[in-house]
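Each chain, letter by letter, is given below.
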Amino acid sequence: MSKPKNIRTCAYCGIKTEKSKLLRINLPLLCFDFYQNKNFRSFYVCQNIKCISRVLKKHSVNKYLNKEINDSKTVVFNAFLKELSSIITRLFENNNLDDNNLPHYSGLLLYKNNVSGYKGEAIPVSNLLYMGNKDTCFVSDSNVAKRLLNYKNIIIDIDGFNGELNGCKKS
Ligand SMILES: [Zn+2]
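The structure displayed is predicted, hence computed values, not measured ones.

Visitor: In this structure, what is going on with the nonpolar core? I would like to understand it.
Guide: Formed by 44 residues in total, the largest nonpolar core has its most connected members in Val-45, Ile-88, Leu-110 and Ile-155. Ranked by residues supplied to this core, first place goes to helix 3 (residues 72-94) with 8 residues. Among all residues touching Ile-88, those that are not within four sequence positions of it are Leu-110, Val-125, Leu-129 and Tyr-130.

So this is what it looks like as structure tokens:
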């Protein structure tokens, strides 16, 4: 039987899983590839601090880097921050939702301040990821919503990257 096409391997721990559950990072500039579709050499890594913190030390990854990187965690964190804030800012700025008028249908809502009475999925977004003045953003594109939900823990955690990521204690 042939291997399913959407399975990828974490460059640090070697676990194989659906690529949508892994984070794809492009080389050599270490850009986070949110849509996993950019035409660059890249690697995949698990969404946990242990793999993120150590993956750039792996020879299979660092042989493609232009310089030696001592703080893998911070470098990868900054890559997430840069890409996610650009995507989330665009989503907030392009949605026409009235902040006082949440949709009744279920879907994905991104919000800056507390929301109540919304029945669908919702992700709180930190000020680092969206610095504009809208409070809510309804994500109508289901493909984008699915990806955001896959990365939910990173989006929630991005504010300083100090909490827990997928159950793994951070140092
Ligand atoms: Zn891993």
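Here the narrative resumes.
Visitor: Quick question: what am I supposed to make of unusual backbone geometry here?
Guide: Trans is the common state for peptide bonds, and a negative phi is the common state for residues other than glycine. Here Leu-27 and Pro-28 are connected by a cis peptide whose omega angle stands at 0°. Of note, Pro-28 is situated in the loop between strand 3 (23-26) and strand 4 (31-32). Of note, Leu-30 is a non-glycine position whose phi angle comes to about 60°, a positive value. With respect to the helices and strands, the residue Leu-30 is situated in the loop between strand 3 and strand 4. At Gln-36, a residue that is not glycine, the phi angle is positive and equals roughly 55°. Tracing the sequence through the fold places Gln-36 in the loop between strand 4 and strand 5 (42-45). Residue class for Gln-36 comes out partly exposed when judged on the 17 C-beta atoms lying within 10 Å of it.

Reading the values: the criteria
Residues numbered from 1 in each chain as written. Predicted model: local features only at pLDDT ≥ 70, side-chain atom pairs only at ≥ 80, totals over all residues. Core = buried A, V, L, I, M, F, W, Y, C linked by C-beta atoms within 7 Å. Buried ≥ 20, exposed ≤ 12 C-beta atoms within 10 Å, placed from the backbone. Helix = DSSP H or I, 4+ residues; strand = E, 2+ residues; numbered from the N terminus. Contact = placed C-beta atoms within 7 Å.

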